[in-house]
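Inside the fold
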Amino acid sequence: MTFMFATGIECSYPTIGNGRIRRDQMEECGHYRHWRTDFDLVRGLGIRTLRYGVPLHRTWLGPGRYDWEFADQVFGELQRLGIDPIADLCHFGVPDWVGNFQNPDFPELFKAYAAAFAARYPWIRSYTPVNEMYVCAKFSALYGWWNEQAQDLRSYVTALKHLARANVLAMHAILALRPDALFVQSESSEYFHAADPDAVEVAEQRNQLRFLSLDFNYGRPLDAVEREFVLSNGMTPAECRFFEEHALRGHCILGSDYYVTNEHHVRADGTYGDAGETLGYAMIAREYARRYGLPLMHTETNCDQGPRGDEACDWLRRQFAVVRALMRSGVRVVGFTWYALTDQVDWDVELREARGVVNPRGLVDLERRLRPVGHAYRELIATWDGRMGAIDAAAPGR
């Protein structure tokens, strides 16, 4: 597999305000108006792989009912430009008629949507059926920020099992139509640090439970801590067995997302705060790679440009250096992603308030002008594209 230098179009669309407000980032960041320009920018940066998903709430109108007009336009243009999409089918939200992630019908309904999508665009090979299941369940059903806005463990486990089941069923549906499909499961790479000795047990439990979504997805038997947690919060042994019996590891790439906010200091009472870049991506990614034994792709990272304007460039260089170090140490890394192409809106508060604050984290700003990190990424790609295989081949054991 050729190493993939990628970016993405920010396409989140959760609801807030008890379902009254849809946070459609394609609208708020101007993609509906500027999609042709955005794709030209992707190509001009030398990027040939794009994480991209059309808005589920605008496309999926009901069971067996779809509006493909926008999807036909944008995927047709990506095909014409020679940009390979990683099709992102569900990104933090569902249409109003589905309700939210507590709906037990969602997995089977989504399976039908995935099949319809794959049938309409048979040339697309790579998919992220459900983006960041762990984050989506946590923000929707544990923190009370998005969608169902629940704040209890039972709702969290319900959302998590529905998201993971939807992802697995969608993979099976796509493979029935495209037997060589690849699935890049973009998921947040987390780590919990004990703030003091009394917090060690709590931190270790959190470090086990962070793997639940991927353990479900890859059919890894749950360990004792995970199993007790899900069974105590409404999941059945039969639901656990479903994931073990329907795993599709051979078609999967482990998508690993890392931001400076992914590490946490945990207190003995279970509360926690940001730990910053403490261990760093290298150690955390190696732990995930060792657990699942799959090819790894760094599927998301970014950083505010900062007051100097070049902090994002420093972050880009460090993250890419880590990728090369992982490859040299024997981890098979097949891609790197700066996410997203454009600046984002209100991600400093995880979209939970509609404030309209622009977060300067993109390769380009919302006027579609290249930021310093955009220039740096274009130069990085021009320098390293086609040469990453030599690092992989030189890794121990290759």
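Everything that follows concerns the structure shown earlier in this document.
An account of the accompanying structure is given in this report. (Residues numbered from 1 in each chain as written. Predicted model: local features only at pLDDT ≥ 70, side-chain atom pairs only at ≥ 80, totals over all residues. Heavy atoms only, no water.)

**Focus on the overall build of the protein**
Test applied: Labels follow the DSSP assignment, with helices taken as runs of H or I lasting at least four residues and strands as runs of E lasting at least two, numbered in each case from the N terminus. Atoms considered for the radius of gyration are the C-alpha atoms alone. The globule rule reads 2.2 Å times the number of residues to the power 0.38. Only heavy atoms enter the contact rule, under which two residues are in contact if any of them lie within 4.5 Å. For the accessible areas, the method is Shrake-Rupley and the probe is 1.4 Å, while residue cover comes only from the protein chains on display. Charged residues are defined narrowly, with Lys and Arg counted positive, Asp and Glu counted negative, and His plus the chain ends left uncounted. To locate a charge, take NZ of a lysine, CZ of an arginine, CG of an aspartate or CD of a glutamate.
Scanning the protein from N- to C-terminus turns up 15 helices and 17 strands. Since a compact globule built from 398 residues should have a radius of gyration of about 21 Å, the 20 Å found for the protein is in line with a globular shape. Across its three principal axes, the protein shows a C-alpha extent of roughly 50 × 50 × 45 Å. When contacts within the protein are restricted to residue pairs at least 6 apart in sequence, long-range pairs at least 24 apart make up 72% of them. Summed over all atoms, the accessible surface of the protein reaches about 15,500 Å², with 49% contributed by carbon and sulfur. Charge separation in the protein, taken as the distance between the mean sites of 44 positive and 53 negative side-chain charges, equals 5 Å.

**Some remarks on the sheet that holds strand β11 (residues 252–257)**
For clarity, the cut-off: Criterion used throughout: strands pair if DSSP finds at least two bridges between them. Fitted lines through C-alpha atoms serve as axes, helices being fitted only where they are in contact, and the angles separating the N-to-C directions of these axes extend from 0 to 180 degrees.
Spatial ordering of the closed barrel is given by β1-β4-β7-β8-β9-β11-β14-β15, a layout of eight strands whose pairing is parallel. Ignoring which end each strand starts from, the neighbouring axes of this sheet average 25 degrees apart. Pairing between strand β14 (residues 296–300) and strand β15 (residues 333–339): three bridges, direction parallel. Looking at β15, one finds that Met 297 is bridged to Gly 335.

**Quick look at the packing of aromatic side chains**
Selection rule: Any Phe, Tyr or Trp ring, taking Trp's six-membered ring, that has another such ring centre within 6.5 Å forms a pair; planes under 30 degrees apart are called stacked, those over 60 apart edge-to-face, and the others tilted. The criterion for a charge sitting over a ring is simple: Lys NZ or Arg CZ within 6 Å of the ring centre, and within 35 degrees of the ring normal.
Throughout the structure, instances matching the rule amount to 43 aromatic pairs. Centre to centre, the rings of Phe 5 and Phe 320 are 5.7 Å apart; their planes meet at 45 degrees, and the pair counts as tilted. Taken together, the residues Phe 5 in strand β1 (residues 4–8) and Phe 320 in helix α13 (residues 311–328) connect sequence positions 315 residues apart. Sitting over the face of the ring of Phe 242, Arg 165 holds its NZ or CZ atom 3.8 Å from the ring centroid.

**Examining the side chain of Thr 128**
So the rule is basically this: Remark: exposure states derive from per-residue accessible area (1.4 Å probe, protein chains only) relative to the maximum for the residue type, with buried under 20%, exposed over 50%, and partly exposed in between.
By secondary structure assignment, the location of Thr 128 is in strand β8 (residues 126–130). Thr 128 gets classed as buried once you look at its relative accessible area, which sits at 0%. Once residues within four sequence positions are removed from consideration, Thr 128 is found in contact with Ile 86, Ala 87, Asp 88, Leu 89, Val 184, Gln 185 and Ser 186.

**Overview of the sheet that holds strand β13 (residues 272–274)**
Read across the open sheet, the three strands follow the order β10-β12-β13; overall the sheet is mixed. Each edge of the open sheet carries a strand with a single partner, namely β10 (191–194) and β13. Neighbour-to-neighbour, the strand axes of the sheet open up by a mean angle of 35 degrees, direction not taken into account. Strand direction decides the pairing type here: strand β12 (residues 263–266) and β13, joined by three bridges, are antiparallel.

**A closer look at the pairing of β15**
What counts is decided by this rule: A right-handed crossover is one whose linking path, passing over the helix from the first strand to the second, runs clockwise when the strands point away from the viewer.
With respect to burial, β15 is a largely interior element, seven of its seven residues being buried. Crossover connection from β14 via α13 to parallel β15: handedness right-handed.

**Looking at the environment of His 57**
Structurally, His 57 is set in helix α3 (residues 56–59). For the pair His 57 and Met 171, spaced 114 residues apart in the sequence, the C-alpha separation amounts to 20 Å. Those residues within four positions of His 57 in sequence are excluded, and the remaining contacts are Tyr 13, Arg 22, Asp 24, Val 94 and Pro 95.

**Concerning the nonpolar core**
Inclusion rule: Joining through side-chain atoms within 4.5 Å is the link that ties buried Ala, Val, Leu, Ile, Met, Phe, Trp, Tyr and Cys residues into a set, and such a set is a nonpolar core.
The biggest cluster of nonpolar side chains holds 124 residues, and the ones touching the most others in it are Tyr 52, Phe 75, Phe 106, Phe 110, Phe 117 and Tyr 377. Element by element, the count of residues in this core is highest for helix α7 (residues 153–177), at 13 residues. Ignoring sequence-local partners within four residues, the contact set of Phe 110 consists of Trp 60, Leu 89, Cys 90, Pro 129, Val 130, Ala 166 and Ala 170. Counting residues in each nonpolar core, the second largest holds eight residues, with Ala 6, Ile 253, Met 297 and Val 334 among its members.

**Some words on the packing of helix α6 (residues 133–141) against α7**
Spelled out, the test is: The handedness criterion is simple: a crossing whose near helix is rotated anticlockwise from the far helix by less than a right angle is left-handed, and one whose near helix is rotated clockwise is right-handed. Each residue is assigned to one of three groups, with Ala, Val, Leu, Ile, Met, Phe, Trp, Tyr, Cys and Pro labelled nonpolar, Asp, Glu, Lys and Arg labelled charged, and all others, Gly among them, labelled polar.
In the contact formed by α6 and α7, the axes pass within 9 Å of each other and the chain directions differ by 145 degrees. In this structure, α6 crosses over α7, and the sense of that crossing is right-handed. On α7, the residues that touch Met 133, Tyr 134, Cys 136, Ala 137, Lys 138 and Ala 141 of α6 are Ser 155, Tyr 156, Ala 159, Leu 160, Leu 163, Ala 164 and Asn 167. Classifying every residue of the contact of α6 with α7 gives 10 nonpolar, two polar and one charged.

**Some points on α13**
Operational definition: A helix is expected to span 1.5 Å multiplied by its residue count minus one.
Over its 18 residues, α13 extends 26 Å from the first C-alpha to the last, a length consistent with the 26 Å expected when each residue adds 1.5 Å. Of the positions making up α13, those classed as buried are Glu 311, Ala 312, Cys 313, Trp 315, Leu 316, Gln 319, Phe 320, Val 322, Val 323, Leu 326 and Met 327. Tucked into the core, α13 has its buried residues touching β1, α12 (281–292), β14, β15, α14 (372–384) and α15 (388–394). Downstream of α13 by a residue or two, Gly 330 has a phi angle that is positive, lying close to 105 degrees.

**Here we look at unusual backbone geometry**
In this structure, the amide linkage connecting Tyr 339 to the following residue, Ala 340, adopts the cis form with an omega of 15 degrees. For Ala 340, the location among the structural elements is in the loop between β15 and β16 (344–345). Even without being glycine, Glu 350 reaches a positive phi, approximately 50 degrees. Within the secondary structure layout, Glu 350 lies in the loop between β16 and β17 (358–359). At Leu 351, a residue that is not glycine, the phi angle is positive and equals roughly 65 degrees. In this structure, Leu 351 sits in the loop between β16 and β17.

**Re the state of the cysteines**
Operational definition: By convention in this document, the label disulfide applies to cysteine sulfur atom pairs within 2.5 Å.
Per the stated rule, a full pass over the model turns up zero disulfides. No disulfide involves Cys 11; its nearest neighbouring cysteine sulfur is the one of Cys 90, lying 9.6 Å away. Relative accessible area serves as the criterion here: at 2%, Cys 11 is assigned to the buried category. Left unpaired, Cys 252 is separated from the closest cysteine sulfur, that of Cys 90, by 17 Å.

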